[in-house]
There are 2 protein chains.
Amino acid sequence: MFSGAQISLYPMADDFVDVIMSALGALDPYRDQLRIETDDVSTLLVGPPEVLFRAMRDLFSAAARTGTHCVFSATISRGCPGESDDAICTSSHFDGPLAPLAERQESALAAVRKAPDMDVFAVGQLSLYVLGQGNHMDEIYGCIDFLKQSGTFDKSKHFATKLKGDTGALFATLEQAFCHFGPPEGHVTIDLTVSANSPSAR
Amino acid sequence: MFSGAQISLYPMADDFVDVIMSALGALDPYRDQLRIETDDVSTLLVGPPEVLFRAMRDLFSAAARTGTHCVFSATISRGCPGESDDAICTSSHFDGPLAPLAERQESALAAVRKAPDMDVFAVGQLSLYVLGQGNHMDEIYGCIDFLKQSGTFDKSKHFATKLKGDTGALFATLEQAFCHFGPPEGHVTIDLTVSANSPSAR
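Throughout this description, residue numbers start from 1 for each chain and increase along the sequence as written. Following the order in which they are written, the chains are lettered starting with A and the ligands numbered starting with 1. Given that the model is predicted, a residue must reach a pLDDT of at least 70 before its local features are reported, and side-chain atom pairs must reach 80 or more before they are shown or counted; all residues, however, enter totals for whole chains, interfaces and linings. Water and hydrogen atoms play no part in the side-chain values, which are based on all heavy atoms of the structure.

Draft legend 1. Inspection of the relation of the copies chain B and chain A at higher detail. Least squares is used to superpose the copies, and the fit set is the C-alpha atoms of residues whose pLDDT is at least 70 in both copies. For the pair chain B and chain A, the superposition axis carries a translation of 0.0 Å, the fit reaches an RMSD of 0.0 Å, and the rotation angle comes to 180°. Each copy turns onto its partner about a two-fold axis.

In structure tokens:
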């Protein structure tokens, strides 16, 4: 299944280019497991979710550790019928048939509990979209139930769910939301914003 | 139909708070037609698309005119089955039954031709999601065809279509994409990024 993201990093500082360039080193351990292409709006990462979410976590955490107010934005997608499959995306996340919702919520919570501590606090919000089926809200509500129990839940907003916590737990929560709601072979996307060091939150 | 957006503005500068605060004046002409709520991640705008897209255009254009590298990000949504309707959202965009695709593309192109010139150049990219139905790609491909003819098309990317042009034409194109692809009463969302004054593009 083709999966990946268009990502952007926005440091709110005059030296934003330096902050971005220094954070990019955090992608080095993942470069052989991802296809990466950059233009003036975003950087494409193509690869399996287990690599993709760790790479995004490490990139954002590196930028946030500078203390600069930074925002990370991503359009994440899997199973789009318009994209040809790519061997680099092979993932164990999508093995087997669609398990019952309660079972998926339990295994997602267990995965979040095992997330490493990155020692970077962030807030974020996501909108999960399950496409190509009539009962899409059942899966979206099932995902929101999981988010509420994940330990990273902050509040419900119009069009999005807001999270907060350590970037380890936060990106683990996002990976589980992306992979286990909507069918294994389904078209699922996330519209994501993550923010650290905002003066508004102080 | 409930419609609105969670929006954020990211000026890549040490004085980002000043850039944001001064641009917010551009929302003043629309304040009585929108419900507006802000937290540390985004600002909610609830209202009809004809007001929403003009308000987003004017806010972003005001920030871009400072010459600072600015990015505008938005999660735009209409018809979400989880949201109760709100009288403030009443719009003429969704009157009548779903017209044939070619007819909608023609009227969308005519609307973009009438867009005002804002004298602000920007690039952007959008992902349009049509939810709650099995043939969602037909509407998405129909929208991409319209985007290619809109005069603002730059290139196709994985997961998104990239646009460029004056912010007048750009936001008019986005409004048409949002309102006229997917059924009038359908659940449709856009994941949007717009950027100006990027050093990468120079």
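Draft legend 2. Focus on the interface of chain B and chain A. We call two residues contacting when some pair of their heavy atoms lies within 4.5 Å. With 54 residues of chain B in contact, the opposing surface of chain A contributes 54 residues. By convention, the term buried area covers the 1.4 Å-probe accessible surface removed from two parts as they join, with the contributions of both added. In total, about 4400 Å² of surface goes out of reach between chain B and chain A, with carbon and sulfur atoms giving 62% of it. Salt bridge, as applied in this entry: a Lys or Arg side-chain nitrogen positioned within 4 Å of an Asp or Glu carboxyl oxygen. The interface formed by chain B and chain A contains six salt bridges. Note that A:K162 is salt-bridged to B:D40, the shortest N-O span being 2.8 Å. Pairing of N or O atoms within 3.5 Å defines a polar contact, subject to two protein rules: one partner must be a possible hydrogen donor and the other a possible acceptor, and residues neighboring in sequence count only if both atoms are side-chain atoms. At the junction of chain B with chain A, the criterion picks out 23 residue pairs in polar contact (both at pLDDT 80 or more). Of all the secondary structure elements, the ones that give two or more residues to the side of chain B that touches chain A are β1 (3-11), α1 (16-23), β4 (70-78), β5 (121-131), α4 (136-149), β6 (153-157) and β8 (187-196) of chain B. For the side of chain B that touches chain A, the per-class residue count stands at 24 nonpolar, 21 polar and nine charged. In DSSP terms, a helix is any run of H or I states spanning at least four residues, a strand is any run of E spanning at least two, and both are numbered starting from the N terminus. Residues are grouped as follows: nonpolar covers Ala, Val, Leu, Ile, Met, Phe, Trp, Tyr, Cys and Pro; charged covers Asp, Glu, Lys and Arg; every other residue, Gly included, is treated as polar.

Draft legend 3. Representation of the side chain of B:H69 in the model. The residue B:H69 is located in the loop between α2 (49-64) and β4 in this model. The class of B:H69 is buried, set by a relative accessible area of 11%. One polar contact links the side chain of B:H69 to the main-chain carbonyl oxygen of B:A196, over a distance of 3.0 Å. Other than its neighbours up to four places away in sequence, B:H69 contacts A:F16, B:Y10, B:P11, B:M12, B:S195, B:A196, B:N197, B:S198 and B:P199. Categorising residues by exposure relies on relative accessible area from a 1.4 Å probe, with only protein chains included: less than 20% of the type maximum marks a residue as buried, more than 50% marks it as exposed, and the intermediate range marks it as partly exposed.

Draft legend 4. Quick peek at the pairing of strand β7 (residues 160-166) of chain B. All names here are of chain B. Taken across its seven residues, β7 has six buried, putting it largely inside the fold. When DSSP finds at least two bridges between two strands, those strands are taken to pair. With four bridges joining them, β6 and β7 adopt antiparallel strand pairing. Pairing of K157 across the sheet is with A160, part of β7. Following β6, the chain reverses through two residues before pairing antiparallel with β7; F159 in that reversal takes a positive phi of roughly 75°.

Draft legend 5. Region of the structure containing the pairing of strand β4 (residues 70-78) of chain A. Residue and element names in this part refer to chain A. Extensive coverage of β4 is indicated by the burial of nine of its nine residues. Side chains of β4 alternate between two faces, with C70, F72, A74, I76 and R78 and V71, S73, T75 and S77 buried alike. Taken together, the nine bridges between strand β1 (residues 3-11) and β4 define a ladder with antiparallel strand orientation. Paired with Q6 across the bridge in β4 is T75. Taken together, the nine bridges between β4 and strand β8 (residues 187-196) define a ladder with antiparallel strand orientation.

Draft legend 6. Structural context of the environment of B:R104. Residues and elements named next belong to chain B. Relative to the helices and strands, R104 resides in helix α3 (residues 101-113). For R104, a relative accessible area of 7% puts it in the buried group. The contact partners of R104, leaving out residues within four places of it in the chain, are L98, A99, E139, H180, F181 and G182. A polar atom in the side chain of R104 sits 2.8 Å from the backbone oxygen of A99.

Draft legend 7. Summary view of the packing of helix α3 (residues 101-113) of chain A against helix α4 (residues 136-149) of chain A. Residue and element names in this part refer to chain A. One can describe the packing of α3 onto α4 by two numbers: an axis separation of 10 Å at closest approach and a directional angle of 35°. Once α3 is placed against α4, the crossing between them reads as right-handed. In contact with L101, R104, Q105, A108, L109 and V112 of α3, α4 contributes D138, E139, G142, D145, F146 and Q149. Taken together, the residues that form the contact of α3 with α4 break down as five nonpolar, three polar and four charged. Every axis corresponds to a line fitted to the C-alpha atoms, with the helix fit spanning only the stretch in contact, and the corresponding angles, defined between N-to-C directions, vary from 0 to 180 degrees. Helix crossings fall into two classes, left-handed where the near helix is turned counterclockwise from the far one by less than a right angle and right-handed where it is turned clockwise.

Draft legend 8. Here's a closer look at the packing of α3(A) against helix α5 (residues 167-180) of chain A. Residues and elements named next belong to chain A. Where α3 contacts α5, the two axes come as close as 9 Å, and the packing angle between them is 155°. As far as their axial angle goes, α5 and α3 are roughly antiparallel. Crossing of α3 over α5 shows right-handed handedness. Taken together, the residues of α5 that come into contact with α3 (itself represented by R104, S107, A108, A111 and V112) are A169, A172, T173, Q176 and H180. Tallied by class, residues from the contact of α3 with α5 come to five nonpolar, four polar and one charged. For classification purposes, an angle smaller than 35 degrees is called roughly parallel, one larger than 145 roughly antiparallel, one from 65 to 115 roughly perpendicular, and anything else oblique.

Honestly, that's just the spatial picture; any functional story needs more than this.
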